[in-house]
Amino acid sequence: MHDTQARAQFDLSDEQRQIAALAAEIAQREIAPHIAQWDRDHAFPRDLYAKLNDAGIMGIIVPESYGGVGADYVSYALAIEELARVDPGTAVTVSVHSMICSAILRLGTEEQKRRWLPKLGGGNQIGAFALTEPDCGSDAAALRATAKKHGDGYLLNGRKQWCTNGTYAGVTMGMFRTGGGGARGVSAFLIPGDAPGVSVEKITEKLGIHTSNTCDLAFDDVGVGTDALLGKEGDGFGSAMTALASGRIGIAAQATGILAACLEQSIAFAKDRVAFGRAIGAYEGVSFKIAQMATDLDAARMLVYRAAALADAGRPFVIEASKAKFFASTAARRHASEALQIHGGYGYTTEFAIERFYRDAKITEIYEGTSEIQQIIIARSLLGKLD
Ligand SMILES: Cc1cc2nc3c(=O)[nH]c(=O)nc-3n(C[C@H](O)[C@H](O)[C@H](O)COP(=O)(O)OP(=O)(O)OC[C@H]3O[C@@H](n4cnc5c(N)ncnc54)[C@H](O)[C@@H]3O)c2cc1C
C-alpha cells in the first residue's frame, strides 16, 4: 500500500505500526469486497463490528484492565485512517464509538467504567452520542431535552437528531437540561440502549457514509438513576466538549483516510488513462493536482498525529484537534472533487470508488463541529472572546 513520507517519517512505535497494519488488513479483507454493495443498500454491517471487536479495534483505547487493548490515540488515529481509506462510513462508526469509550474513561466514575467499558471495549456493544436536536446543532447550549428530578433519579424527555450509531447503541451519552438556560443547565447521562422509553424515531438517508447509521432518537419518560450521570449535574456541556475534542481527532483521521484513498486512486488512474497520446499524469493540469493532494495528505497526517500524541501525553490538545479537523476535512472535500475530476466521466460513475469518496468527504466538514465552529475555537484561542 502507498505510504507517504509523513507516515514513514513520523516516529511511530512498532505497536502503532502493527495496529495500522491490522486495521488495513481487516479493511481489505472484510470491507473492500462488499463496500460497493453496502453503499448501494445503505447497509449497516453488524457482523463486521463483531469482527472488529474480536480484532480489538473497538477497544483500541480502552485499557486492558477494562477488557480493551490499551493502545494510544496515535494508534487509534492510524486505525481510523486505514478504515476510512476503504470505507469512511465504517471509520465514523468506530470513531464515535471510541469517543464514548474516551468520555467514560476521562469523566466516568469507577463504577461506570466497570459497567460500560468491558461491554464497549471487547463485549460487542456500540456507543452513541446524542447532543444535536432538531432546533440546535452548533449552538448546542440551546438544547431543550430535559432531565427532571424524579424519585432517586431523573426522567429524560426530548428528541435527539442525527445520532451516529443510535439504532444499534448499547449505551448513548446524551445531554439533557437539568437546570436553567445555557451551557450551565446541561448534564450528561449514560443511557442504556434498551432503556424503556428510548425509541428510534427515524433513520436518516444521507448523501454519503451510507454504511454509517444515523437516526433520530426519542426519549419519552426514560427513567435513569443518579448513577447514570456522567460527571456532575450541570457539567454536561463541558463533558460533551471534552468528548468532542477526542472525537475530532477521529474525524480528522477519517478525512485523512479519504485523502489517502483519493491520492492512491488518482495516481493509478493518471498513469493508466491515455489522452492525446500520453498518460494524463504527464499533463501538469493533472500532475499538479496530485502534487497538491500528496502535500495536503502529509500535512493532514502531521496535524492528526500531533493532536493524538498530545492527547497521549496528557497535554492540552483541544485546539490542535480543531486545527487537524479543520485542515483535514477541508482538504478531503477539495481533493475528493479533484480526484473525481482526474477520473473524468468515469469518476462520475459507480464503476470507480471515487464518486463514493466524493459523497463521503463532505460530512467531515459538518459533524462534530462544522468548519466554521472549528475556526471559532482556533480564533478564540488566539484573540480571546471579543464582544
Ligand atoms: C451524518 C450526520 C451524523 C451526525 N452525527 C451526530 C451524532 O452522532 N451526535 C450528535 O449529537 N450530532 C450528530 N450530527 C449533528 C452535527 O454535529 C450537526 O449537524 C453539526 O454540529 C451542525 O449543526 P446544524 O446541522 O444544526 O447546523 P447549524 O448549527 O444550524 O449551522 C448551519 C450553518 O451555520 C453555520 N454557523 C452556525 N453558527 C455559526 C457561527 N456562530 N458563526 C459562523 N457560522 C455559524 C454552521 O457552520 C453551518 O454552516 C450528525 C450530523 C450528520 C449530518
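Residues numbered from 1 in each chain as written. Predicted model: local features only at pLDDT ≥ 70, side-chain atom pairs only at ≥ 80, totals over all residues.

(A) Examining the overall build of the protein chain more closely. The secondary structure content of the protein chain amounts to 13 helices and 10 strands. On C-alpha atoms alone, the protein chain measures out to a radius of gyration of 21 Å, which is about the 21 Å that the 2.2 N^0.38 rule sets for 387 residues. Its C-alpha atoms give the protein chain principal-axis dimensions of about 80 × 50 × 40 Å. Relative to its 387 residues, the protein chain shows a buried fraction of 50%. Sequence separation of 24 or more characterises 75% of the internal contacts of the protein chain that already satisfy a separation of 6 or more. (Helix = DSSP H or I, 4+ residues; strand = E, 2+ residues; numbered from the N terminus. Rg over C-alpha atoms; globule rule 2.2 N^0.38 Å. Buried ≥ 20, exposed ≤ 12 C-beta atoms within 10 Å, placed from the backbone. Contact = placed C-beta atoms within 7 Å.)

(B) Region of interest: the pairing of strand β2 (residues 146-150). Bridge count between β2 and strand β3 (residues 153-164): five bridges; the pairing is antiparallel. Directly across from His150, in β3, lies its bridge partner Gly153. Here β2 hands over to β3 after two residues, with Gly151 in that stretch at a positive phi of 60°. (Pairing = 2+ DSSP bridges.)

(C) View of the site of the ligand. Close to the ligand lie 21 residues; Gly137, Ser138, Thr164, Thr370 and Glu372 are nearest. When contributions to the shell around the ligand are tallied by element, the ones reaching two or more residues are β1 (126-130), β3 and α13 (371-383). Among the elements that take part in the shell around the ligand, β3 stands out by supplying three residues, more than any other. If you count residues domain by domain, the shell around the ligand takes at least three from each of domain 2 (128-234) and domain 3 (238-383). (Near = placed C-beta within 6 Å. Domains from an automatic or database assignment.)

(D) Layout of the domain arrangement of the protein chain. Considered domain by domain, the protein chain is made up of domain 1 (5-125), domain 2 (128-234) and domain 3 (238-383). Placing a centre on the C-alpha atoms of domain 1 and another on those of domain 2 gives a separation of 23 Å. On the domain 2 side, the residues contacting the 25 residues of domain 1 number 18 residues. Mapped onto the side of domain 1 that touches domain 2, the elements with two or more residues apiece are α3 (35-41), α6 (88-107) and α7 (110-121).

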